[in-house]
Amino acid sequence: LALIIVGVVYWNRKLSRFNRTIAEANQALEQKSRELEKLSITDALTGLFNRLHLDQIFQSEFERTVRYQRNLSVIMMDVDRFKQVNDTHGHQMGDQVLCGIADVLRDRIRGTDTIGRWGGEEFLVICPETGIQGARKLADQLRADIAAINFKTVGTVTASFGVGQRCPGQLPRDLIREADQALLRAKADGRNRVVTADI
């Protein structure tokens, strides 16, 4: 009987250690899974959402606003003369500029907005429940905040903004195209400005 009791105690302890090992392995696996999920939706350089995740959020917000007849605006932003920064100061300094701008954008947007890197030196802000004037006001604030940054070596940089608002009957690509065209007009009109799409 004593041997049986000792055996049971021994196996219980062994089983307990095995269960702890399994639990620790599961925790590590869950942590790795969370890290992989974050990597899949995050731009590696800036830490903002990447283009793929932005597309998904934009599609979802667009469908929601159509269903409930709510406002939706987008802000497309491009860093002015960014090629000159890379050509003059090197790509590492260009990366620092993009990261600094990303920090400003992340800190200044509202809790309901979504910001991400659209590609290269372009960024997109998705503004649910926001008309074009509210989005323009936000874009003006972002423009001023970016122009106020003093980057070591580079100095100041500016950005141009195009703002669009969803209209009835529009497709998602139409809204993006309108914001992009407004951005091109901002560039053509002298840069460091905000231009709204015609609605």
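In this report, the structure presented in the accompanying data block is examined. Just so it is clear, the structure is predicted and the values come from calculations on it, not from any experiment. (Residues numbered from 1 in each chain as written. Predicted model: local features only at pLDDT ≥ 70, side-chain atom pairs only at ≥ 80, totals over all residues. Heavy atoms only, no water.)

Remarks on the pairing of strand S1 (residues 72–79)
Taken across its 8 residues, S1 has 8 buried, putting it largely inside the fold. The alternating pattern of S1 places Leu72, Val74, Met76 and Asp78 and Ser73, Ile75, Met77 and Val79 on opposite faces, both of which are buried. Relative to strand S3 (residues 122–128), S1 is paired through 7 bridges, and the arrangement is antiparallel. Of the residues in S3, the one forming a bridge with Met76 is Leu124. With 7 bridges connecting them, S1 and strand S4 (residues 159–165) associate as antiparallel partners. (Buried < 20%, exposed > 50% of the residue type's maximum accessible area, 1.4 Å probe, protein only. Helix = DSSP H or I, 4+ residues; strand = E, 2+ residues; numbered from the N terminus. Pairing = 2+ DSSP bridges.)

Structural notes on a positive patch on the surface
Positive charge collects at one region of the surface, where Arg13, Lys14, Arg17 and Arg20 lie side by side. Considering the arrangement of structural elements, one finds Arg13 in helix H1 (residues 2–41). Its relative accessible area of 57% is what places Arg13 among the exposed residues. (Patch = residues over 30% accessible without salt bridge, like charges linked within 9 Å, V, L, I, M, F, W, Y side chains within 5 Å. Areas by Shrake-Rupley, 256 points an atom, 1.4 Å probe, with all protein chains shown as cover. Salt bridge = Lys/Arg side-chain N within 4 Å of Asp/Glu carboxyl O. Lys, Arg positive; Asp, Glu negative; His and termini not counted. Charge placed at Lys NZ, Arg CZ, Asp CG, Glu CD.)

Re the sheet that holds S4
Strand pairing in a sheet is mediated by backbone hydrogen bonds. Such pairs are either parallel or antiparallel. One open sheet accounts for 5 strands, arranged S2-S3-S1-S4-S5; its pairing is mixed. Of all the strands in the sheet, the pair left with one neighbour each is strand S2 (114–119) and strand S5 (194–196). Each adjacent strand pair in this sheet contributes to an overall mean axis angle of 20°, direction not counted. Running over the sheet, helix H6 (residues 172–188) touches S1, S2, S3, S4 and S5 and is turned about 145° from S4. (Axes fitted to C-alpha atoms, helices over the stretch in contact; angles between N-to-C directions. Contact = heavy atoms within 4.5 Å.)

A few points about unusual backbone geometry
Backbone geometry follows two general trends: most residues other than glycine have a negative phi, and most peptide bonds adopt the trans configuration. The backbone phi angle of Arg191 is positive, close to 70°, even though this residue is not glycine. Note on Arg191: relative accessible area 27%, which makes it partly exposed. One non-glycine residue, Asn192, lies in positive phi territory at about 55°. Structurally, Asn192 can be placed in the loop between H6 and S5. By relative accessible area, Asn192 is classed as partly exposed at 28%.

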